[in-house]
Amino acid sequence: MIQLPESFENRMMKMLGSEYPAFRLSLSSEVSHSVRINRKKTKKIISNDSVIYCNSGFYLKQRPVYTLDPLFHSGVYYPQESSSMFLEQYFRHTAKKNLRVLDLCAAPGGKSTHLSSILPDDSLLVSNEVIHSRARILSENTKKWGNPNVVVTCNDPSDFSRLAGFFDVIVVDAPCSGEGLFRRDPAAINEWSDSNADHCAQRQKRILADVWPSLAENGLLIYSTCTYNPAENEENIGWLAQFAPIEGVNLEIPDDWGIRKTEANGLPCFRFYPQNVRGEGYFTSAVRKKGSEAVKWNAKSKTSLPLAGKAEQNLLSGFIQNKPLSLIRFEDNFLAWPTELLSELDQIKASLRIIHAGIKTGEIIRDTFMPAHELAVSTICNQTAFPQTELTLSQALSFLKRDEFKVDFREKGWNLMTYLGHPVGWAKNIGNRFNNGYPKEWRIRMSTSEYTGERLFEEAVKFPLA
Ligand code: SAM
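Reading guide: rules and limits
Residues numbered from 1 in each chain as written. Predicted model: local features only at pLDDT ≥ 70, side-chain atom pairs only at ≥ 80, totals over all residues. Heavy atoms only, no water. Helix = DSSP H or I, 4+ residues; strand = E, 2+ residues; numbered from the N terminus. Rg over C-alpha atoms; globule rule 2.2 N^0.38 Å. Buried < 20%, exposed > 50% of the residue type's maximum accessible area, 1.4 Å probe, protein only. Areas by Shrake-Rupley, 256 points an atom, 1.4 Å probe, with all protein chains shown as cover. Salt bridge = Lys/Arg side-chain N within 4 Å of Asp/Glu carboxyl O. Axes fitted to C-alpha atoms, helices over the stretch in contact; angles between N-to-C directions. Parallel < 35°, antiparallel > 145°, perpendicular 65-115°, else oblique. Left-handed = near helix turned anticlockwise from the far one by under 90°. Contact = heavy atoms within 4.5 Å. Nonpolar A, V, L, I, M, F, W, Y, C, P; charged D, E, K, R; others polar. Pairing = 2+ DSSP bridges. Core = buried A, V, L, I, M, F, W, Y, C linked by side-chain atoms within 4.5 Å. Phe/Tyr/Trp six-rings, centres within 6.5 Å; stacked < 30°, edge-to-face > 60°. Lys NZ or Arg CZ within 6 Å of the ring centre and 35° of its normal. Near = heavy atom within 4 Å. Polar contact = N/O pair within 3.5 Å; in protein donor to acceptor, adjacent residues only side chain to side chain.

> Before we move on, can you summarise the overall build of the protein chain with the specific residues and values?
Helices and strands together make up the secondary structure of the protein chain, namely 13 helices and 21 strands. Against the compact-globule benchmark of 23 Å for 466 residues, the protein chain has a radius of gyration of 23 Å, which places it among compact chains. When its C-alpha atoms are laid out on the principal axes, the protein chain stretches across 70 × 55 × 35 Å. By residue count, 58% of the 466 residues in the protein chain fall in the buried class. Carbon and sulfur atoms make up 48% of the accessible area of the protein chain, which totals about 20,700 Å².

> Go over the pattern of salt bridges, please, and point to the residues and values.
Inspection of every chain in the model, using the stated rule, returns 16 salt bridges. A salt bridge links R278 to D49; its shortest N-O distance comes to 2.6 Å. Highlighted residues: R278 in the loop between β11 (267-272) and β12 (282-289) and D49 in the loop between β1 (33-37) and β2 (57-60), separated in sequence by 229 residues. The partly exposed category is assigned to D49, whose relative accessible area is 30%. With a closest N to O distance of 3.2 Å, E374 and K143 form a salt bridge. Of the two residues, E374 is situated in helix α11 (residues 373-376) and K143 in helix α5 (residues 132-145); the sequence distance between them amounts to 231 residues. Comparing E374 with K143, the two get one shared label, buried.

> Before we move on, could you go through the packing of helix α4 (residues 110-118) against α5 and cite the residues and values that matter?
Close contact between α4 and α5 brings their axes to 9 Å; oriented N to C, the two are set at 30°. It follows that α4 is roughly parallel to α5 by the angle criterion. Relative to α5, the crossing made by α4 is right-handed. Facing α4, whose interface residues are S112, T113, S116 and S117, α5 presents L138, N141, T142 and W145. Taken together, the residues of the contact of α4 with α5 sort by class into two nonpolar, six polar and no charged.

> A description of the sheet that holds strand β21 (residues 434-436) should follow, citing residues and the corresponding values.
Pairing is mixed in the open sheet, where four strands are placed in the order β18-β19-β20-β21. The open sheet is flanked by β18 (388-391) and β21, the only strands paired with a single partner. Strand-to-strand twist of the sheet, defined as the mean angle between neighbouring strand axes without regard to direction, takes the value 35°. Relative to strand β20 (residues 422-429), strand β19 (residues 413-419) runs antiparallel, the two being bridged by seven bridges. In the sheet register, M417 faces β20, and the bridge partner there is G425.

> Describe the nonpolar core, and please don't skip the residues or the numbers.
Residues V172 and L221 are the most contacted members of the largest nonpolar core, which totals 39 residues. Dropping the residues within four chain positions of it, V172 is found in contact with L104, C105, I207, L208, V211, L221, I222, Y223 and S224. Formed by 37 residues, the second largest nonpolar core is a distinct cluster that contains F91, A106, V249 and I253.

> Quick rundown of α4? Include the residues and the values.
For α4, a buried count of eight out of nine residues is recorded, marking the element as mostly surrounded by other parts of the structure. Within α4, the full set of buried residues consists of G110, K111, S112, T113, H114, L115, S116 and I118.

> Break down the packing of aromatic side chains for me, citing the residues and quoting the values.
With the rule as written, the count across this model stands at 26 aromatic pairs. Aromatic pair F409 and F434: ring centres 5.5 Å apart, planes at 65°, arrangement edge-to-face. One end of the pair, F409, is in the loop between α12 (393-401) and β19; the other, F434, is in strand β21, and 25 residues separate them in sequence. Taken together, the aromatic side chains of F8, Y20, F23, F182, W192, Y228 and Y273 make up a single cluster linked through ring pairs. The ring centre of W442 lies 5.4 Å from the NZ or CZ of K144, which sits over that ring.

> I'd like to hear about the site of the ligand, residue by residue, with values.
Near the ligand you find 17 residues, and of these C105, G110, E129, R134 and D173 are the closest. In the environment of the ligand, an oxygen atom lies 3.0 Å from a nitrogen or oxygen atom belonging to the backbone of K111. Its free accessible area being 600 Å², the ligand has 83% of it covered by the protein chains. Those elements that place two or more of their residues in the shell around the ligand are α4 and α7 (194-211). Grouping the amino acids of the shell around the ligand by side-chain chemistry returns 10 nonpolar, two polar and five charged.

> I'd love a proper account of the sheet that holds β1, names of residues and values included.
The three strands are arranged β2-β1-β3 in an open sheet whose pairing can be described as antiparallel. Each of the sheet's edge strands pairs with one partner strand only, and the pair in question is β2 and β3 (77-79). Mean inter-strand twist for the sheet, computed between neighbouring axes without regard to direction, equals 30°. Both β1 and β2 contribute to a ladder of four bridges, which runs antiparallel. For V35, the partnering residue across the bridge sits in β2 and is F58.

Structure below.
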């Protein structure tokens, strides 16, 4: 049995009463592993064991080494704890056209990649992370997921006051005391203390208060933590109710999902306990902003962003899918960005620190196109415009490590390198050798020498040929 801090145990005993022994026992049982599939990249299911709250979520029999699976680097799936996938439920009855959505505490990108799949192409996702090194990881993961309507920013929650009334939905997946992860990550137990849990509750209030002005009237704020501590959960939702006019969001949830419904000042909240659900501890609640103080944001009719000229557009248009995308000049590159969201990007550029926006398509050097890695793994690449070279697993891993290896190309120039039919990046065939276009900073650094061949992944995660 794992050792737990005494005051944590005492609080949980009081909260759970006769259910406490089952909770305690569940902390010694096996953790489940799950992934969410990128439906824009494959329609296949990977097992019959699906996550009940999420259309694209699946449990795995065992945890593969994700780093050594090229399909992870292609953004075909994202490993995510299943309780977190419940986020999808809030969008089941929300009108989903032209939404402006902020994921405030977004790294490493589980909720952002999920939101990016839930939202239609005409909606905007601002995916923010305050810690710069973590914002870089978030940027990498959202680029791999591949949708063009995403901006990754690195800002403090207070910076969002510059965008008063801008967002229709704000997701606050708050930094917390992590009690719900004790089973999965025993190190979280050592970091836990009463005073740290109190500190987390104060920080969460500050985050909520800072971001509140940027929520539009009737906008939805979805709050979540991975802790059981009421001070970080219901008490924060209740506190929000005293501070601003809000309405709770109820969800009809079948009893057999095992989720416990609680409330804060009459506002519905949902708790996930490992003795009742097939996932880790989690809390979530959503409120709608009411009242008349909200500022309405008005889009400008003309963008000040530097758009590509006619000749550049003509050259680039064949390489991207025929979607309503604009090409914006950025340094030596061209970014593909949804045309109907230009005004929003203008506003974000003026207010926030952008890490990346849209899909970097590539450079034009002396009238020839040099594709960017992001385009290869994006959902907007016109794959038929490039010769494709399929790699074996061992070749694909060498490619992702930027190691030297032998491969037969069918054509000279830029080839789209694929594994099981999914792009992993670019290589330029220059005759007797090739240039590897995989980003140096993303390369796999892990040793593959102990790796025993294709069976590992094929047994753990069955990805049939797309
Ligand atoms: N939503 C993420 C996902 O699904 O992958 C997980 C987010 S994690 C629970 C909380 C995040 O909040 C961390 O990335 C952390 O760096 C960030 N954070 C820490 N302090 C913060 C603060 N004061 N304001 C906003 N975010 C903060």
